[in-house]
Amino acid sequence: MIELRDVVYCRLGTTDLAGAEWYAVNILGLEVAERRKGAVYFKSDARAHTLCYFEGDPTDQMTAFEIGTAQDLHTAGATLEALGHDVYYGTRAECEARMVREFIRFRDPTGNVIEFVLRPETTGLDYHGSRNAGITGFSHVGLCSSDLARDEHFWTSVCNARVSDRIGDAPLMRLGTIHHSIALFPFHRAGIQHINHQVGSTDDIQRSFHFVRENQVNITFGPGAHPTSSAEFLYFTGPEGMTFEYSTGVREIHDEPAWRDRQFHFEPKGFCHWGSAPQIAAFKK
Ligand SMILES: [Fe+2]
């Protein structure tokens, strides 16, 4: 079993790096951690970075998860290779570009590019966004899935993810105590389906709802409340069509042995109990 600690960053290719930076800072509310040739790194919490935009193909998207030890990372590589995945071992320069000590890269069964990383850097310092979005940190990622049952099996049997709840057949899976760090949604191509940042309160959700609307950002879902995780949320569109989400009040599961995954109706009741309807393809039948 591959023991993943947490989701740690996303890397997104863009044909307009300056535009992506403008959006990440002025709309999303992240802090520029560092600019390097062809890439900008963003902070959303104490970690050195949780998002990187780089000059490249917008379909080039990676999600990274932390593994605890070098031995565990190498064992994970061998496990994946034995299952038929091509495993790439990152070079020193590529590790430097990710602010990690070591990493491996492979594709999950849908074809999502996944990186397992060792010792991602933290700053130990708070993040300060220039726009007060109330962000408390990068929290979870939605991944596209061309076969939900197959991919759930990969994340829960090969890796240590546990299903907290399902919306239809879409599993919301935890790695630690947070209700979900990975969610899978049905879609016909591989890629990141949405990127979630937690915010401090309902006030932050409501202020951002008005802020993004006034800035002509396309709101795709919300404000609403998820009956699964109890989180209040807002989904909106970012550069290259990426869906970003703010949410607050996500459920934590501390009594691990006692939790039983629950079944929710796919659409729209399972996604929102305030009555908002998603304008997001992967959330619709
Ligand atoms: Fe989400």
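The numbering scheme is per chain: residues are counted from 1 as the chain's sequence reads. The predicted origin of the model limits local features to residues at a pLDDT of at least 70 and limits the giving and counting of side-chain atom pairs to 80 or more, whereas totals for whole chains, interfaces and linings rest on all residues. Only hydrogens and water are set aside; all other atoms, that is, all heavy atoms of the structure, feed into the side-chain values.

Per an unreviewed UniProt entry, the protein goes by VOC domain-containing protein and derives from Gemmobacter nanjingensis.

K.L.:
Before we go on, may I ask you to explain the coordination of the iron ion in this structure?
P.N.:
Each pair of donors in an ideal four-coordinate tetrahedral metal site encloses 109.5 degrees, whereas pairs in an ideal six-coordinate octahedral site enclose 90 or 180 degrees. The protein atoms that coordinate the iron ion are His140 (NE2), His194 (NE2) and Glu245 (OE), at distances spanning 2.0 to 2.2 Å. Only nitrogen, oxygen and sulfur atoms count as donors, using a 2.8 Å cut-off from the metal that widens to 3.2 Å for Na, K and Ca. Water is left out, so coordination shells may look unfilled. Positions of the donor residues of the iron ion, expressed as sequence spacing, correspond to H-x53-H-x50-E. With His140 in strand S9 (residues 135-145) and His194 in strand S13 (residues 192-199), this pair connects stretches of sequence that are 54 residues apart. Here His140 and His194 have matching classes, each one buried. Numbering of helices and strands runs from the N terminus; a helix is a DSSP stretch of H or I covering at least four residues, while a strand is a stretch of E covering at least two. Only protein chains enter the area calculation, which uses a 1.4 Å probe; residues under 20% of their type maximum are buried, those over 50% are exposed, and those in between are partly exposed.

K.L.:
Whenever I open this one, the packing of aromatic side chains confuses me. Can you help?
P.N.:
The relation between two aromatic rings is expressed through the spacing of the ring centres and the mutual angle of the planes. The criterion for an aromatic pair is that two Phe, Tyr or Trp rings (for Trp, the six-membered ring) have centres within 6.5 Å, with stacked assigned to planes under 30 degrees apart, edge-to-face to planes over 60 apart and tilted to the rest. Throughout the structure, instances matching the rule amount to 18 aromatic pairs. On the numbers, 6.0 Å between centres and 50 degrees between planes, the contact of Phe106 with Phe154 is tilted. Remark: Phe154 occurs in helix H4 (residues 148-158) and Phe106 occurs in strand S7 (residues 102-107); sequence separation between them is 48 residues. Accessibility expressed as a relative area gives 2% for Phe106, which makes it buried. Judged by relative accessible area, Phe154 falls into the buried class, the value being 4%.

K.L.:
Would you take a moment to explain the domain arrangement of the protein for this structure?
P.N.:
One frequently used descriptor of interface size is the decrease in accessible area upon assembly of the parts. Considered domain by domain, the protein is made up of domain 1 (4-118) and domain 2 (135-283). Domain delimitation follows an automatic or database domain assignment. Taking the mean C-alpha position of each, domain 1 and domain 2 sit 20 Å from one another. On the domain 2 side, the residues contacting the 42 residues of domain 1 number 39 residues. Both sides of the domain 1 and domain 2 interface together cover about 2,900 Å² of buried area, and 66% of this is carbon and sulfur. Summed over both partners, the accessible area (1.4 Å probe) lost when two parts come together is defined as the buried area. Its largest share of buried area at the contact with domain 2, domain 1 owes to Leu4, Leu28 and Thr110, together 20% of the area lost on that side. Note on contacts: a residue pair qualifies if any of its non-hydrogen atoms lie within 4.5 Å across the two residues.

K.L.:
Hey, could you run me through helix H2 (residues 70-82) in this one?
P.N.:
Within an α-helix, residues lying three or four positions from one another point in the same direction, as the helix has 3.6 residues per turn. Between the first and last residue of a helix there are one fewer steps than residues, each counted as 1.5 Å, and that sum is the expected span. Counted at 1.5 Å a residue, the expected span for H2 with its 13 residues is 18 Å, and the 18 Å between its end C-alpha atoms agrees. Those residues of H2 not exposed but buried are Leu73, Ala76, Gly77 and Leu80. All buried residues of H2 project into a common sector of 100 degrees when viewed along the axis, lining one side. Residues Gln71 and Ala82 are exposed on H2 and point more than 90 degrees away from its buried face. Taken from the residues just after H2, Gly84 is the one with a positive phi, measuring 100 degrees. The directions from the helix axis to the C-beta atoms form the arc being described.

K.L.:
Looking at this structure, how should I read the sheet that holds strand S4 (residues 51-55)?
P.N.:
Hydrogen bonds along the backbone pair up the strands of a sheet, which may run parallel or antiparallel. One open sheet accounts for 8 strands, arranged S2-S3-S4-S1-S5-S8-S7-S6; its pairing is mixed. This sheet does not close on itself; its edge strands, each paired only once, are strand S2 (31-36) and strand S6 (88-89). In short, DSSP must find at least two bridges between two strands for them to pair. When strand S1 (residues 4-14) meets S4, the two strands line up parallel, connected through 5 bridges. What sits directly across from Cys10, in S4, is Leu51. Relative to strand S3 (residues 39-43), helix H1 (residues 17-28) is tilted by about 10 degrees, and along the sheet it contacts S1, S2, S3 and S4. As a rule, the C-alpha atoms of each element are fitted with a line to give its axis, helices using only the stretch in contact, and angles between N-to-C directions run from 0 to 180 degrees. Strands strand S5 (61-67), S6, S7 and strand S8 (113-118) of the sheet are contacted by H2, whose axis makes an angle of about 20 degrees with S7.

K.L.:
I keep staring at the UniProt feature "domain: VOC" (unreviewed entry) in the protein and nothing clicks. Help me out?
P.N.:
UniProt positions are given in the numbering used here, feature names are shortened, and annotations may be inferred rather than shown by experiment. Mapped onto this structure's residue numbering, the UniProt feature "domain: VOC" (unreviewed entry) falls at residues 6-119 and 137-249. Helix makes up 21% of residues 137-249 and strand 46%, with an end-to-end C-alpha separation of 13 Å.

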